[in-house]
Amino acid sequence: MSDFLNHFRSVQLEKAKENIMPAQCPYCSVQCSMELTEERIVTRKRYKAKPNKQDPVSQGRLCIKGANAHQHVMTDERITSPLLKIDGEFSPISWELAIEYITEQFKAIQSVYGNDAVGVYGGGSLTNEEAYLLGKFARVAIKTKHIDYNGRFCMSAAASAGNAAFGIDRGLTNSLSEIPDAECIILAGTNIAECQPTIVPYFRQAKKNGAFIIVIDPRETATAKLADLHLQGKPGMDAYIANAILKVLIDEGYTDHHFIQQQTTGFAALTEQLKQLDLHELAACSGVSAEQLQLAAKKYGEAKTGFVFTARGVEQHANGYENVRQFINLVLASGKIGKHACGYGAITGQGNGQGGREHGQKADQLPGYRSIENEEHRNYIARIWGIDEADLPRKGVSAYELMEKAEQGELSAMFIMGSNPVVSNPNAVFVEKALKKLKFLVVVDMFLSETARLADIILPSSSYLEDEGTMTNLEGRVVLRKAERKPPGEAKHDWEILCSIAQALGKPEAFAFSSAEDIFNELRLASRGGIADYYGITYDRLKEEGVFWPCPEPQHPGTPRLFGSSFAHPDGKALFYPAQQPELNEAPASDYPLLLTTGRIMDHYLSGTQTRRSPDLQKRAKEPLLEIHPDTAVEFGIEDNALLQLRSRRGSTVIRSKITDTIRRDTIFAPFHWGDLQSINRVTNPVLDPVCRMPEFKVCSVTISPLIDKQRSLPDDSVTKADEPVETNESLPQSHGSAV
Ligand SMILES: Nc1nc2c(c(=O)[nH]1)N[C@H]1C(S)=C(S)[C@@H](COP(=O)(O)OP(=O)(O)OC[C@H]3O[C@@H](n4cnc5c(=O)[nH]c(N)nc54)[C@H](O)[C@@H]3O)O[C@H]1N2
Ligand SMILES: Nc1nc2c(c(=O)[nH]1)N[C@H]1C(S)=C(S)[C@@H](COP(=O)(O)OP(=O)(O)OC[C@H]3O[C@@H](n4cnc5c(=O)[nH]c(N)nc54)[C@H](O)[C@@H]3O)O[C@H]1N2
Ligand code: SF4
Ligand SMILES: [Mo]
C-alpha cells in the first residue's frame, strides 16, 4: 500500500475518535444548548458546535457567538495555575501557597482596618450555585458587608422597578412561546437582533401572524428593521415617550377600567398629572413626532394582546428606575398582563443575569430574593448558614461605590470573581486608579483580563465547557448546564476556590461541598419561602426542559406565566408610578455638543475578554467603531473609517469612525467591548440612579475631533515635512492582555 493510502487510513481511523460534549453557550440570557464535537485528526483537534434541536427556547438555533464560544476555551491564553505578582511580574505558585497567602492577607488587613475593609465583586456569568456561594462566602467567611456584582450595571433598574410595581422581579412575566400570539409588541431600548439573536424568530412569527411592532431606539438597529413603527427618540428621553403614549391611551379611552380598578393602585393621581402635560411638548422634548406617538398608542391600545419589553437602552440611566416604571404604567393601564400573550419583560442580559440577581451577591440581598435588612429574612438565612443573626452583616454599597470606597481608602482589599470592572465600569480611568490603590487585589478569571493585570494574585477558573451548574434564563426558566471537559492545568471551578479559601478562613463545615448539586440543594433550602423560590427544583427535574421559578414544592409544575390571578404585593395589586420628565444629567453644551450612547455589537460580548480571544469573532470585528451621522461628520470634519478622538469631561478615547445615516444627528454610538485606550468607559458618566444605583451608561455629552487634523497638519506651503504625522488606515493595536 502506498504511503499516501497508509496515511489516509490512519487519518480516517483517528477521525473516528470523536468526542461529543453537551454544552450550553456561556454568553447571553437565552442560554442556547448545543453539542460540541471534538474531532481529532492525527494530533490536530477540530471543534464544531451543533445547535440542539430539542432546546425548547432556542429551538435549534445558535448565533455566531455561541457557535464560536469554544475558541476562547481552547486558546493557550488560559491561565492554568495560580499566579502571584512579584516585582510587577506574575509567577506560577501552588494552590496551597495561594490560599495561604490570600487568607493571611485578608486576616492582616481585617485586623487593622476591620472586616468591611475587604470587598467582594461578583458577576452574572457565575452559575446559581456559585453566585449563591459567593454571597455566603462574603458574609460568612470574609464577614464583610461589602459585596456587589456587575449585574448592578445590567439589571438593577428593571429589577427595582419590577419589585416596586409588581412585588416581584423576574425578567419576562411570560414564556417566550407566547410572543407569536401578541398583536402589538413594544421593544424599548432593546436590540434583540444583535443581543439575543436566537429569539428573533418568535417576533418574526408574531409579525407573520399580524402583530404591529414598535421599536424605540435612537439608532435604526437590526431590531428596528423588524418594526412597523420606529420611534427614533433622543437618548435619555424615554420617560417623555412613555408618558406621551400613556396620555393618548387615557385620552382616547384605550385603558382597561375594570383591570385598573380591581388590580392596581395609583391610577387616579397619575391621570390628573397627565392632564397637565402637553402632547406636543412631550413630543418636542423626546425627538419623536406627536403623530408617531399617537400611532404607537393607538396600535398598543387597540390590540387585544401585547407585550412591552425594555432593556438597557431604557434602563442604563441615572433615572433608569423611573424610566422602567413609566413603561410598566403602559402595561398596567392597558390591562395587558397576567393573560395569554400579554405581559412585560426586561430582557435579561448575561447568561445568568436572572439567577445571579436572586441569590445574594447583591449588596442588600440574601438568597431567594430575601432582603438583608428584613429581620425575619435574616433569621431564616442565619439558621441555614449556621450562624447567629447578629453576625450576619447588614447591607453594603453598590458596584461603582465599591470603587469609590477603594479610591477613598475605605476598602483595602478586593476579591473579584467573574467580572472585568476596569473595562465595564463607568469612568474607567478613575476605576483603574482606585483598584491600583488597594493594598491587596485577588482576581479569579480564565484570562489575564485588564482587571487581572492589576491583581496581586490571580486564581485560574474553569470555563462553561468545564463547570456544571444551573443558570436561569431570561424567562425565569432554570436550566442545568452540563459540562464534561476537564479544566486545563490546575484551573479549578469557582465553587471549589471559594470552598478552599473559606475553609482556610476557619469555616470548614459551612463550606464542605463536594459538587455543584450539593450547593444547589442548600440553595433550594435557602430560597424556600422566598420570592425566588427554587425549593421544588432538583437536578433530576432539570434533565429536560428546565423549570420556571417560583417552584415551591417538588410536585409543583413551576410558573411560566406570572400574575394570572394577582400581583405579589400583600394586597395583590400592582402600583402605578407618577409621571416623570427628567432632565438630561449632562445636556449638550458648546464644548461637548454631542450625545454619546454606548452598547453592543453582535460579534463581541461585554468587556470582550472572551470574544476577543476567539479568532473567528475577532476577525469579524477587530476594533470599536463610532457611529456618526453623515451631517454630523461633515460638521466635525470627520471622514469615514478615520481615527478620531472622543472626549468628555472625564476622559478621552481613540476610535475609528463609521459614518451611517442610521443614527440621529445629535447622537453618536460606540460599543464597549474593548479595553485600554479603546475603552469607551473612559468617557462615560458615573452618576448613579438614586434608587437602584445604575450608572448613566446610555447618555453623556461629548465632543469629537479628527485624531489627525489634515487642515492643521498641513504646513503653510502645503508641503508635508518628513517628521509630520500622516493619516494611515492601519488598525490600532488591539487591547489583548498578553498571553501568560
Ligand atoms: N452580542 C452581544 N449580545 C449580548 C451582550 C453583548 O455584550 N454582546 N451582552 C448581554 C448583556 S449582559 C446585556 S445587558 C444585553 C443588552 O442588550 P441590549 O440592552 O439590547 O443592548 P445595548 O446595545 O446595550 O442597548 C440596546 C439599545 O439601546 C439603544 N439606546 C441607547 N440609548 C438609548 C436611550 O436613551 N433610549 C432608548 N430607548 N434606547 C437607547 C441603543 O442604540 C441600543 O440599540 O445583551 C446581552 N447580549
Ligand atoms: N459603556 C457601557 N458599559 C457597560 C455597559 C454598557 O452598555 N455600556 N453594560 C454593562 C453591563 S449590562 C454589564 S452586564 C457589564 C459586564 O461587564 P463585566 O462584568 O466586565 O463582564 P465580562 O466581560 O463578562 O467579564 C467577565 C470576566 O470574567 C471572566 N469570566 C467569565 N466567566 C467566568 C466564570 O464563570 N468564572 C470566573 N471566575 N470568571 C469568568 C471573563 O474572562 C471576564 O474577564 O458591563 C457594563 N458596562
Ligand atoms: S450568545 Fe445568546 S443567542 Fe447567541 S448562542 Fe449564546 S445564548 Fe444563544
Ligand atoms: Mo448586562
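Please read all numbers here as calculations on a predicted model, not as lab measurements.

Conventions and cut-offs
- Residues numbered from 1 in each chain as written.
- Chains lettered and ligands numbered in written order.
- Predicted model: local features only at pLDDT ≥ 70, side-chain atom pairs only at ≥ 80, totals over all residues.
- Heavy atoms only, no water.
- Helix = DSSP H or I, 4+ residues; strand = E, 2+ residues; numbered from the N terminus.
- Expected span 1.5 Å × (residues − 1).
- Buried < 20%, exposed > 50% of the residue type's maximum accessible area, 1.4 Å probe, protein only.
- Arc of directions from axis to C-beta.
- Contact = heavy atoms within 4.5 Å.
- Domains from an automatic or database assignment.
- Buried area = accessible area lost by both parts, 1.4 Å probe.
- Polar contact = N/O pair within 3.5 Å; in protein donor to acceptor, adjacent residues only side chain to side chain.
- Phe/Tyr/Trp six-rings, centres within 6.5 Å; stacked < 30°, edge-to-face > 60°.
- Lys NZ or Arg CZ within 6 Å of the ring centre and 35° of its normal.
- 1 Å grid on protein atoms, 1.4 Å probe; cavity = no way out; pocket = protein on both sides within 12 Å on 5 of 7 lines; lining within 4 Å.
- Points joined across faces, edges and corners; volume = space filled by probe spheres on them.
- Nonpolar A, V, L, I, M, F, W, Y, C, P; charged D, E, K, R; others polar.
- Near = heavy atom within 4 Å.
- Axes fitted to C-alpha atoms, helices over the stretch in contact; angles between N-to-C directions.
- Parallel < 35°, antiparallel > 145°, perpendicular 65-115°, else oblique.
- Left-handed = near helix turned anticlockwise from the far one by under 90°.
- Core = buried A, V, L, I, M, F, W, Y, C linked by side-chain atoms within 4.5 Å.
- Salt bridge = Lys/Arg side-chain N within 4 Å of Asp/Glu carboxyl O.
- Pairing = 2+ DSSP bridges.

Student: Describe helix 4 (residues 95-113), listing the residues and the values that go with them.
Tutor: Working note: α-helix, 3.6 residues per turn, so residues spaced by three or four point in the same direction. If you check helix 4, its first and last C-alpha atoms are 27 Å apart, about what 19 residues at 1.5 Å a residue would give, namely 27 Å. Listing the buried residues of helix 4 in full gives W95, A98, I99, I102, T103, F106, I109 and Q110. Down the axis of helix 4, the sector holding all buried residues measures 135°, keeping them to one side. Across helix 4 from its buried face, at more than 90 degrees, point the exposed residues E96, S111 and V112. On its buried face, helix 4 sits against strand 6 (118-122), helix 5 (128-142), strand 16 (413-417), strand 17 (440-445), strand 18 (457-460) and helix 20 (494-504). Following helix 4 by one or two positions, G114 has its phi on the positive side, about 95°.

Student: Give me the lowdown on the domain arrangement of the protein, citing residues and values where you can.
Tutor: Looking at the assigned domains, one finds that the protein contains domain 1 (2-74), domain 2 (83-153 + 352-548), domain 3 (156-347) and domain 4 (594-713). Between domain 1 and domain 2, the C-alpha centre-to-centre distance is 31 Å. Listed per partner, the contact involves 18 residues of domain 1 and 18 residues of domain 2. Each partner contributes to the roughly 1600 Å² buried at the junction of domain 1 and domain 2, and carbon and sulfur atoms together form 65% of this total. It is P22, Q24 and V73 that lose the most area in domain 1 upon contact with domain 2, and together they represent 31% of the buried surface on that side. On inspection of domain 1 and its partner domain 2, the count reaches two residue pairs in polar contact (both at pLDDT 80 or more). Secondary-structure elements contributing two or more residues to the side of domain 1 that touches domain 2 are strand 1 (18-24) and helix 3 (70-74). Among the elements that make up the side of domain 1 that touches domain 2, the one with the highest residue count is strand 1 (five residues).

Student: Lay out the packing of aromatic side chains in plain terms, naming residues and giving numbers.
Tutor: For the structure shown, the criterion picks out 18 aromatic pairs. With a centroid separation of 6.1 Å and 50° between ring planes, the pair formed by F166 and Y344 is classed as tilted. Linking F166 in helix 6 (residues 156-166) with Y344 in strand 13 (residues 342-346), this pair joins segments that are 178 residues apart in sequence. Here the aromatic rings of F166 and F563 are separated by 5.1 Å at their centres, their planes lie at 40°, and the arrangement is tilted. In this pair, F166 is assigned in helix 6 and F563 in the loop between strand 21 (547-548) and strand 22 (574-575), connecting sequence segments 397 residues apart. In this pair, the class of F166 matches that of F563, namely buried. These aromatic residues form a ring-pair network of at least three members: F166, F259, Y344, F563 and F567. Over the ring of Y202 we find R61, and its NZ or CZ is 5.8 Å from the ring centre.

Student: So what's going on with the layout of surface pockets? Which residues, and what values?
Tutor: By volume, the largest pocket amounts to about 670 Å³. The wall of the largest pocket is formed by 28 residues, among which N163, D364, Y369, R370 and S371 lie closest to the centre. Among the secondary structure elements, those contributing two or more residues to the lining of the largest pocket are helix 6, strand 15 (370-371) and helix 16 (375-385). Classifying every residue of the lining of the largest pocket by side-chain character gives seven nonpolar, 12 polar and nine charged. By volume, the second largest pocket amounts to about 520 Å³. Taken together, 26 residues form the lining of the second largest pocket, with S33, N52, D55, K482 and E544 sitting closest to its centre. Elements that contribute at least two residues to the lining of the second largest pocket include exactly strand 1, strand 2 (33-41), strand 3 (44-51) and strand 20 (477-481).

Student: Provide a residue-level description of the site of ligand 1, including the pertinent values.
Tutor: Around ligand 1 sit 34 residues in total, of which D217, G236, D238, R600 and H604 are the nearest. K65 is positioned with one of its side-chain polar atoms (N or O) 3.0 Å from a nitrogen atom of ligand 1. Within the contact set of ligand 1, an oxygen atom lies 2.7 Å away from a backbone nitrogen or oxygen of G236. Counting residues per element, the shell around ligand 1 draws most heavily on helix 14 (residues 312-315), at three residues. Grouping the amino acids of the shell around ligand 1 by side-chain chemistry returns 12 nonpolar, 14 polar and eight charged.

Student: Tell me what's going on with the packing of helix 9 (residues 238-251) against helix 13 (residues 290-302), and back it up with residues and numbers.
Tutor: The interhelical angle for the contact between helix 9 and helix 13, taken along N-to-C directions, is 60°, at an axis separation of 8 Å. Here helix 9 is positioned oblique relative to helix 13, judged by the angle of their axes. Of the two elements, helix 9 crosses helix 13, and the hand of that crossing is right-handed. Packed against helix 9, whose contacting residues are I241, A244, I245, V248 and L249, the element helix 13 presents L293, Q294, A296, A297, Y300 and G301 at the interface.

Student: Can you lay out the side chain of E623 for me, pointing to particular residues and giving the numbers?
Tutor: Counting through the fold element by element, E623 comes out in the loop between helix 22 (615-620) and strand 24 (625-628). Only 2.6 Å separates the side chain of E623 from the side chain of R656, close enough to count as a polar contact.

Student: So what about the nonpolar core? Which residues, and what values?
Tutor: Among the nonpolar cores identified, the biggest contains 131 residues, and F137, F166, L231, F415 and L459 are the most heavily contacted of them. Filtering out sequence-adjacent residues up to four positions away, F415 remains in contact with F106, G119, V120, Y121, L134, F137, V442, V444, L498 and I501. Formed by 62 residues, the second largest nonpolar core is a distinct cluster that contains I179, Y202, A224 and C700.

Student: How would you sum up the environment of V687? Please name residues and give values.
Tutor: Position of V687 relative to the elements: it lies in strand 28 (residues 685-688). Its relative accessible area of 25% is what places V687 among the partly exposed residues. Expressed as a C-alpha distance, the spacing of V687 and I381, which sit 306 residues apart in the sequence, is 33 Å. V687 has contacts with A318, N585, M694, P695 and E696, leaving out every residue within four places of it along the chain.

Student: Could you give an account of the pattern of salt bridges, naming the residues involved and the relevant values?
Tutor: Within this structure, the stated rule accounts for 37 salt bridges. Here D148 makes a salt bridge to R152, at a shortest N to O gap of 2.8 Å. Relative accessible area serves as the criterion here: at 0%, D148 is assigned to the buried category. R152 sits in the buried class, given a relative accessible area of 8%. Its salt-bridge partner being R394, residue E389 comes within 3.7 Å of it at the nearest N-O pair.

Student: Summarise unusual backbone geometry; cite the residues concerned and give the values.
Tutor: Cis peptide bonds are those with omega within 30 degrees of zero, and the linkage from W549 to P550 qualifies with -5°. Here P550 lies in the loop between strand 21 and strand 22. Positive phi, normally seen in glycine, also occurs at N641, with a value near 60°. Here N641 is to be found in the loop between helix 23 (630-636) and strand 25 (643-647).

Student: Let's hear about the sheet that holds strand 18: which residues, and what values?
Tutor: Spatial strand order, 5-4-18-17-16-6-7: seven strands in an open sheet with mixed pairing. Two strands in the sheet have a free side with no partner beyond their single neighbour: strand 5 (89-92) and strand 7 (147-149). Neighbour-to-neighbour, the strand axes of the sheet open up by a mean angle of 20°, direction not taken into account. Bridge count for strand 16 against strand 17 is five bridges, and the pairing is parallel. Considered in strand 17, the bridge of I416 is made with V443. Those strands touched by helix 20 are strand 16, strand 17 and strand 18, and its axis lies near 150° from that of strand 16.

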